[in-house]
Amino acid sequence: MLGVTIICEAKLKEKYLRDASDEYVKRLGAYCRLNIIELSPKKLPENPSESEIANALNTEGKEILSKIPNGSKVFSMCIEGKQLSSEKLAKEIDSCGVLGFSNVVFIIGSSYGLSDEVKKRSDFRLSMSEMTFPHQLARIMLLEQIYRAFRINSGGKYHK
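Please read these numbers as outputs of a predicted model, since none were measured by experiment.

Undergrad: So, the sheet that holds strand 2 (residues 33-39): which residues are in play, and what are the values?
TA: The sheet built from five strands is open, its strands ordered 2-1-4-3-5 with parallel pairing. Each edge of the open sheet carries a strand with a single partner, namely strand 2 and strand 5 (124-126). Strand-to-strand, the axes of this sheet are offset by a mean angle of 25°, without reference to chain direction. Pairing between strand 3 (residues 72-82) and strand 4 (residues 103-108): five bridges, direction parallel. Bridged to V74 within strand 4 is V105. Along the sheet, helix 2 (residues 50-66) makes contact with strand 1 (3-9), strand 2 and strand 4, crossing strand 1 at roughly 165°.

Here you go:
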């Protein structure tokens, strides 16, 4: 069974988001070994300088990279990434086993994004949309799309 890891900066604060996450975690249990790793974003002042942001991203990046399991295909969620349809994401996930990956990792960075080191380690830069979403909502949307991908790959009707 394929492992799926979501590494994210921040915890889900609102109960309705935790409930949504729990529902998708439960659903995904039939398709994969899911692991969600919640990291704490580095604290920055109200109006951080570019160097303070860069230092925070580098610190966060080192922690993120240390959490990536060996044998993983890594998807970084980036605004500059490529947008995929649900069907194309399903094909990307489905191909992982054939290509020798035992785990798929999705990384959601902090509100300032991801470090260059994390982006370089990534096998795929994925964008949900040109629109901006709160990080907590983006996690729920990602969970839903991962679930949808497994349903598509199993021939289920959920995706229609």
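Undergrad: Can you lay out the environment of A56 for me, pointing to particular residues and giving the numbers?
TA: By the secondary structure assignment, A56 is in helix 2. With 13 residues separating them in the primary sequence, A56 and K43 have C-alpha atoms 7.9 Å apart. Those residues within four positions of A56 in sequence are excluded, and the remaining contacts are K42 and L44.

Undergrad: So what's going on with unusual backbone geometry? Which residues, and what values?
TA: Comment: phi is negative for the bulk of residues other than glycine, and the bulk of peptide bonds are trans. Of note in this structure, A10 is not a glycine but carries a positive phi near 115°. Its place among the elements puts A10 in the loop between strand 1 and helix 1 (15-28). A10 gets classed as partly exposed once you look at its relative accessible area, which sits at 23%.

Undergrad: Account for the nonpolar core, naming residues and giving values.
TA: Membership of the largest hydrophobic core comes to 28 residues, with the highest contact counts inside it found for I6, F106, I146 and F150. The leading source of residues in this core is helix 5 (residues 135-153), at eight residues. The contact partners of F150, leaving out residues within four places of it in the chain, are L2, V4, L28, Y31, C32 and I93. Ranked by size, the runner-up nonpolar core spans eleven residues in total, among them I7, C78, V105 and V118.

Undergrad: Can you tell me about the packing of helix 3 (residues 86-98) against helix 5, naming the residues and giving the values?
TA: The relative placement of two packed helices comes down to the angle between their axes together with the axis-to-axis distance. Running from N to C, helix 3 and helix 5 point in directions that differ by 75°, and their axes come no closer than 8 Å. Between helix 3 and helix 5, the angle is such that the two are roughly perpendicular. Here S86, E87, L89, A90, K91, I93 and D94 of helix 3 come into contact with helix 5, specifically with Q145, R148, A149, F150, I152 and N153. The residue inventory of the contact of helix 3 with helix 5, partitioned by class, reads six nonpolar, three polar and four charged.

Undergrad: Lay out the pattern of salt bridges with the relevant residues and their values.
TA: Counting across every chain of the model gives nine salt bridges. Notably, a salt bridge pairs E92 with K73, separated by 2.8 Å at the nearest N-O pair. With E92 in helix 3 and K73 in strand 3, this residue pair connects regions lying 19 residues apart in the sequence. Judged by its relative accessible area of 22%, E92 is partly exposed. The partner of E144 in a salt bridge is R148, and the shortest N-O contact between them spans 2.7 Å. Of this pair, E144 and R148 both sit in helix 5, four residues apart, which is roughly one turn of that helix.

Quick notes on the rules
Residues numbered from 1 in each chain as written. Predicted model: local features only at pLDDT ≥ 70, side-chain atom pairs only at ≥ 80, totals over all residues. Heavy atoms only, no water. Pairing = 2+ DSSP bridges. Helix = DSSP H or I, 4+ residues; strand = E, 2+ residues; numbered from the N terminus. Axes fitted to C-alpha atoms, helices over the stretch in contact; angles between N-to-C directions. Contact = heavy atoms within 4.5 Å. Buried < 20%, exposed > 50% of the residue type's maximum accessible area, 1.4 Å probe, protein only. Core = buried A, V, L, I, M, F, W, Y, C linked by side-chain atoms within 4.5 Å. Parallel < 35°, antiparallel > 145°, perpendicular 65-115°, else oblique. Nonpolar A, V, L, I, M, F, W, Y, C, P; charged D, E, K, R; others polar. Salt bridge = Lys/Arg side-chain N within 4 Å of Asp/Glu carboxyl O.

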